[in-house]
Amino acid sequence: MAATLIIRPLACFSSPPPPHPPPPLLHYASSFRLWTPFFRGGSRILSSPFNNHDFLRRHSSSSSQFPSLTALSAIATGPDRIARFDSQESDTDPISIFNDRILKEQYSRRASGRPNTESDSGSSADVSNEEVDKYIQMVKQQQQRGLLELKKGHMLRKGGSNNGDANFSYKVDPFTLEEGDYVVHKKVGIGRFISIRPSIPDGETTPIDYVYIQYADGVAKLPVKQASRFLYRYNLPNESSAPRGLGRLKDTSIWEKRKIKGKVAIQKMVVDLMEVYLNRLRLRRPPYPKNPAMAEFASQFPHNPTPDQLQAFIDVEKDLTERETPMDRLICGDVGFGKTEVAQRALFYVVSSGKQAMVLAPTIVLAKQHFSVISERFSNYPNIRVGLMSRFQTASEREDYFHMIRNGELDIIIGTHSLLGSRVSYDRLGLLIVDEEQRFGVKQKEMIASMKTSVDVLTLSATPIPRTLYLALTGFRDCSLISTAPPQRVPIKTHLSEYSEAKVISAIQFELDRGGQVFYVLPRIQGLEEVLAFLEKSFPDVEVALAHGQLYSKRLEKTMTRFVEGEIRILVSTNIVESGLDIQNANTIIIQDFQQFGLAQLYQLRGRVGRSNKEAHAHLFYPNKLLLTPAAKKRLEALEECGDLGQGLQLAERDMTIRGFGNIFGVQQTGDIGNVGIDLFFEMLFESLSMVDVHRTHPVSFKSVKLELDINPRLSSEYINYLDNPIEVVKDAEKAAEKDTWSLVQFTVDLRRQYGKEPYAMESLLKKLYVKRMAADIGITRIYVNGKTVVMMTNMNQQVFKMITDAMFSDTHRNMLAFQAGQIKAELLIDLPKDQLLTWIFQLLAELHSALPALIRY
């Protein structure tokens, strides 16, 4: 460490400013001017009419739009008060810098839909360590099951072990690479694969194969065995696969920084998830009683359940009858594999216990089918009332339904997103079943997520969105996979070819000749009439009809009913028929311009046929193969490879690699993936998940922290006279610091807003409180100075210290720190005056504290 780092002005130790500087203060002046009279009137500090929640709400377009907190106090109190006590500029005031970071973190949490915490030291103060330990073990067990399912579906590439543990690998087989492919060497970085050529090593007589990789400053030559241990394919979650730059053989420092940045980002993602799901431990509901009538209800199922179905039944039953926390389970299985039966048994448990249940479907067509199936199944139970709410109903009928739901006169309510509206008020809702969640919009998904905090939730999906899939497979969401096909099901034959009218006519004629029905699907409404005219001309004696979302509701309902009953032989539609339709006699589907559909959509559409023991056919047509985008070509390849039954899960994983997994954890992580490529990223993710119990800090109580610095600031008589109630101010400051970080930040913001920037003595008092508060959050119990060394006694271990230092912003502070036997030491090269030493310790702890989002704090 260079001495110049120590003798620079104090400002050099400041935390770096936020990534986006605040806009000019003039932009905010008019917003705050109306509040000024309230702040001049001597009201109590913490009861100011303008609080931080108002601030977050009023200025929440982006986290970069927050003015500095010192600037806020300047606007609120006017220059006359600020001039008297403003001892530092806002951009070098460490308290303001720290407060800005905490405020932005809280806003970011709200913007991403994560639950707000009362403090940065943890959100589950009322959850015991034993409960957290138990939950972490549950997460790890779920990871084991998820990895087994990944391997069972051949979703892992070569390199994984066969015993189902977490030591699997996404490494690439060098012999599968083609010239020009980008690869990632775990120790060197990103390079371009050239070839594999044999060569005779020095001192040997037998040639061996070497992998040649081009880097920015030369070509690497690796034995194939070594390459197999260190190489990953470089993929990005979008159509572009080009990296930002190649690694360097002679200088791997840049690559190490990129890799550390990726690891820190992953750890933050994991911690965010842990926080969400540990927060669920706070929620309680009494377990449902085991109902002897369930055996009779289950016996009405007309088929023999597959082993996977039986396990799903057991999983859901245990969730409802043996756990006190709400269920949040994904049932993932191909179309026709029996997910609805699992849902109906969950419905029976809940409604027979006196609770209401909601079944949410993405389309009215699917909602009507659920209503038909569920009504028939519960027809032997007249005390269980089933209702369907849809846009087909008149205004008065809908009002009647609102009344019935609110008064508990309906037990099972089925419908589309209208069930999430503010008009719908439930009397005793206990269960939410969501079919194909990926089909809902962002707002509906947010409302569904908010309901998960209070009711049991069962999600059904044939091809889950990658976010849902990986939440399940990484252990943060319960998942039951139904991958065994019913005995009567046969695979769907998929035909992919360039469009021609002759091929379309041939495919339809084949189905009509065997007495079947045909789906004809286009990506948009435009063009449906043209196709209808073509089919009516080609098949003049066959009933053909249109179906799409813009049809008059009664007409659409009538059309779908006639198709279900077999009167209409060919249905021309948009992807409104994508989910859930179960028409035994429809065993051919034509999909025109398939390249405009997503992979999951195509898989769902293909699943509309083959619901009986007849061989089904799916014909996917594209206009010209030369015009297909790279992503469309990958979808084509994926569908060709995933033609067997039970491969919806595998297809979801392929879908992720093609179009990206987007907001898996609530924030876009594409940049972090771009640093290392998606394969290494996911290996690092699973590695981090397997260590959730290791990367865990244990905060301590504020009162247990000992700060051994001989600094006892005394407030001047002028400032004491200026404060409305100085004794109460100091007491409130100590109470806020003892409670949590967020309370201390709020107190300081309100103090400065009412009285302006505090004088030096008050600032020192606040710094001491901040230092003790941050130390308590991190798990530091004692801070003292031994010569030129600042020593911090801590309960953290070496691994947690490494995670914290990796996540720190400042290389200066990071390079000063050393860890040994429960002590963090920072050695100074010169003696600092006591006041500067306090500021330096404040800034050092602020750096350590900034790494907390990458750690589990329970």
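Residues numbered from 1 in each chain as written. Predicted model: local features only at pLDDT ≥ 70, side-chain atom pairs only at ≥ 80, totals over all residues. Heavy atoms only, no water.

This brings us to the overall build of the protein chain. Looking only at helices and strands, the protein chain features 32 helices and 25 strands. If you take every contact in the protein chain between residues at least 6 apart in sequence, the share linking residues at least 24 apart comes to 77%. Of the accessible surface of the protein chain, which amounts to about 36,500 Å², a share of 51% is contributed by carbon and sulfur atoms. (Helix = DSSP H or I, 4+ residues; strand = E, 2+ residues; numbered from the N terminus. Contact = heavy atoms within 4.5 Å. Areas by Shrake-Rupley, 256 points an atom, 1.4 Å probe, with all protein chains shown as cover.)

Residues Ile 570 and Val 572 point to one face of strand S16 (residues 570-573) and Leu 571 and Ser 573 to the other, with burial holding for every one of them. Bridge count for strand S14 (residues 517-521) against S16 is four bridges, and the pairing is parallel. Opposite Val 521, over in S16, you have Ser 573 as the bridge partner. Here four bridges tie strand S15 (residues 544-547) to S16, and the two strands are oriented parallel to one another. By the bridge assignment for S16, Leu 546 is matched with Val 572. (Buried < 20%, exposed > 50% of the residue type's maximum accessible area, 1.4 Å probe, protein only. Pairing = 2+ DSSP bridges.)

Time to look at the sheet that holds strand S23 (residues 817-820). An order of S20-S21-S22-S24-S23 is seen for the five strands of this open sheet, with the pairing classed as mixed. The open sheet has two edge strands, strand S20 (706-708) and S23, and neither has a second partner. Between one strand axis and the next, the sheet turns through 20 degrees on average, direction left out of account. Strand contacts of helix H30 (residues 798-807): S23 and strand S24 (823-827), with the helix running at about 170 degrees to S23, the strand carrying the most contacts. Set on the sheet, helix H32 (residues 834-850) makes contact with strand S21 (780-786), strand S22 (789-794), S23 and S24; between it and S22 the angle comes to about 45 degrees. (Axes fitted to C-alpha atoms, helices over the stretch in contact; angles between N-to-C directions.)

Take the packing of aromatic side chains next. If you walk through the whole model with that rule in mind, you get 15 aromatic pairs. Summarising the aromatic geometry, the rings of Phe 519 and Phe 563 are spaced 5.1 Å apart at their centres and angled 65 degrees between planes, so their arrangement reads as edge-to-face. With a gap of 44 residues between them, Phe 519 in strand S14 and Phe 563 in helix H20 (residues 553-564) connect regions that are remote in the sequence. Given a relative accessible area of 0%, Phe 519 falls into the buried group. On the basis of relative accessible area, Phe 563 is assigned to the buried category, the value being 0%. For the cation-ring pair, Lys 772 lies above Phe 702, with the distance from its terminal atom to the ring centre recorded as 4.7 Å. The ring of Tyr 784 has Arg 782 lying over it, and the distance from NZ or CZ to the ring centre is 4.0 Å. (Phe/Tyr/Trp six-rings, centres within 6.5 Å; stacked < 30°, edge-to-face > 60°. Lys NZ or Arg CZ within 6 Å of the ring centre and 35° of its normal.)

Summarising the model, the protein chain shows a mean pLDDT of 75, and 73% of its residues fall at 70 or more. Segment residues 117-125: pLDDT under 50, and 30 contacts once partners within four positions in sequence are set aside and those in other chains are kept. In this model residues 656-670 is a low-confidence stretch, pLDDT under 50, and it forms 41 contacts with partners more than four residues away in sequence or in other chains. (pLDDT = per-residue confidence, 0-100.)

Looking along a regular strand, one sees the side chains alternate between the two faces of the sheet. Here four bridges tie strand S1 (residues 182-185) to strand S2 (residues 189-199), and the two strands are oriented antiparallel to one another. Looking at the pairing, Val 183 lines up with Gly 191 of S2. Connecting S1 to the antiparallel partner S2 that follows it, the hairpin turn spans three residues. Across seven bridges, S2 lies against strand S3 (residues 208-215) in antiparallel orientation. Across the sheet, Arg 192 pairs through a bridge with Gln 214, a residue of S3.

Linking two cysteines covalently via their sulfur atoms produces the bond known as a disulfide. Counted according to the given criterion, the structure contains zero disulfides. Cys 332 takes part in no disulfide bond, and the closest cysteine sulfur to it belongs to Cys 479, at a distance of 5.9 Å. By relative accessible area, which is 11% here, Cys 479 ends up buried. (Disulfide = S-S within 2.5 Å.)

Within a beta sheet, neighbouring strands are joined by backbone hydrogen bonds and run either parallel or antiparallel to one another. On the basis of which strands lie adjacent, the open sheet formed by seven strands has the order S8-S9-S7-S10-S11-S6-S12 and parallel pairing. The open sheet terminates on both sides in strands that have one partner only, identified here as strand S8 (386-389) and strand S12 (478-482). The mean inter-strand angle of the sheet, taken between neighbouring strand axes irrespective of direction, is 15 degrees. The pairing of strand S6 (residues 328-333) with S12 spans five bridges and is parallel. Bridge pairing in S12 places Arg 329 opposite Asp 478. Where helix H12 (residues 307-322) meets the sheet, its contacts fall on S6, strand S11 (456-461) and S12, and the angle it forms with S12 comes to roughly 160 degrees. Strands strand S7 (356-360), S8, strand S9 (412-415) and strand S10 (429-435) of the sheet are contacted by helix H14 (residues 364-377), whose axis makes an angle of about 170 degrees with S8.

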